[in-house]
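For reference, the chains in residue letters:
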Amino acid sequence: MLRDVSADDALPSWLTRLTADEWIRQGLTELTRAEQRLQAHEREAAVLGLRRAAGMALNGALSVQFRAWGRTYVEHLRAIADDSAVPDAVRSAARLLNDVRLDKQPNVVRLTPPSESAGWLEAAKTVMAHAYAVVHGSVGRSS
């Protein structure tokens, strides 16, 4: 389901608590926190933060072009991974973030190569860049 949002459209209340630009800014703030967690080798918190950052930015996109991507940040990422209206690179980035395993095992420390965590960071940035482009009109809107 896709519809451009006009002044007369009623968006879900959870989506309207911030403007589209404020959602993008919140996502950028969360991205900074996630990067700090990656640097501190806090794998689980970092991945959750990256997902949250991408999802917050997607709320911005949903504010201007509503789609049935669910309510939560995780639901947004799952939905765009399969949304053919979203560019391939963005779908791939969402899939990468969705596929990071966070299962904890007692007394086991999972080491993450820097290249792997850098890939997660770039994936979050790709999703966020798409959301920014939708918010600012360079992609995703019908004429």
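This paragraph deals with the overall build of the protein. Across its full length, the protein carries five helices and two strands. When the helices and strands of the protein are listed from N to C terminus, the series reads β-α-α-β-α-α-α. Across the protein, every contact between residues at least 6 apart in sequence was considered, and the portion connecting residues at least 24 apart equals 63%. Of the roughly 8,000 Å² of accessible surface on the protein, 51% is carried by carbon and sulfur atoms.

Turning to helix α4 (residues 88–99), a few remarks are in order. Each turn of an α-helix holds 3.6 residues, which means side chains three or four residues apart point in the same direction. Here α4 spans 16 Å end to end across twelve residues, near enough to the 16 Å set by a 1.5 Å rise per residue. Here α4 has its buried residues at V90, R91, A93, A94 and L97. What you see down the axis of α4 is that its buried residues fit within an arc of 160°, all on one side. Those residues of α4 that are exposed and aimed more than 90 degrees away from the buried face are D88, A89 and D99. In this structure, the buried residues of α4 make contact with α2 (43–64), α3 (73–81) and α5 (114–135).

Relative to the helices and strands, G49 is located in helix α2. Placed 75 residues apart in sequence, G49 and A124 show a C-alpha to C-alpha distance of 9.5 Å. G49 has contacts with E30 and A34, leaving out every residue within four places of it along the chain.

A separate point is the nonpolar core. In terms of nonpolar packing, the biggest core is built from 42 residues, with L50, L77, I80, L97 and V127 touching the most fellow members. If you list the elements that add at least two residues to this core, you get α1 (20–39), α2, α3, α4 and α5. When residues of this core are assigned to their parent elements, the largest contribution, eleven residues, is made by α2. Residues in contact with L50, not counting those within four places in the same chain, are L31, A34, L38, L97, W120, L121 and A124.

Bringing unusual backbone geometry into the picture now. You will see that H41, though not glycine, has its phi angle at about 60°, which is positive. By secondary structure assignment, the location of H41 is in the loop between α1 and α2.

When you line up the elements, R91 lands in helix α4. A relative accessible area of 15% places R91 in the buried class. Here V86 takes part through its backbone oxygen, which lies 2.6 Å from a polar atom of the side chain of R91. With near-sequence residues (within four places) excluded, R91 lies in contact with I80, A81, D82, D83, S84 and V86.

Attention now moves to the confidence of the model for the protein. The predicted coordinates ought not to be read in detail in places where the model reports low pLDDT. Mean pLDDT for the protein: 86, with 84% of residues reaching 70 or above. Ranking the elements of the protein by mean pLDDT puts strand β1 (residues 2–4) last, at 47, and α4 first, at 97.

Turning our eyes to something else, we now look at the environment of R101. Within the fold, R101 resides in the loop between α4 and α5. Sequence separation of R101 and E44 is 57 residues, and the distance between their C-alpha atoms is 8.9 Å.

Cut-offs applied
Residues numbered from 1 in each chain as written. Predicted model: local features only at pLDDT ≥ 70, side-chain atom pairs only at ≥ 80, totals over all residues. Heavy atoms only, no water. Helix = DSSP H or I, 4+ residues; strand = E, 2+ residues; numbered from the N terminus. Contact = heavy atoms within 4.5 Å. Areas by Shrake-Rupley, 256 points an atom, 1.4 Å probe, with all protein chains shown as cover. Expected span 1.5 Å × (residues − 1). Buried < 20%, exposed > 50% of the residue type's maximum accessible area, 1.4 Å probe, protein only. Arc of directions from axis to C-beta. Core = buried A, V, L, I, M, F, W, Y, C linked by side-chain atoms within 4.5 Å. Polar contact = N/O pair within 3.5 Å; in protein donor to acceptor, adjacent residues only side chain to side chain. pLDDT = per-residue confidence, 0-100.

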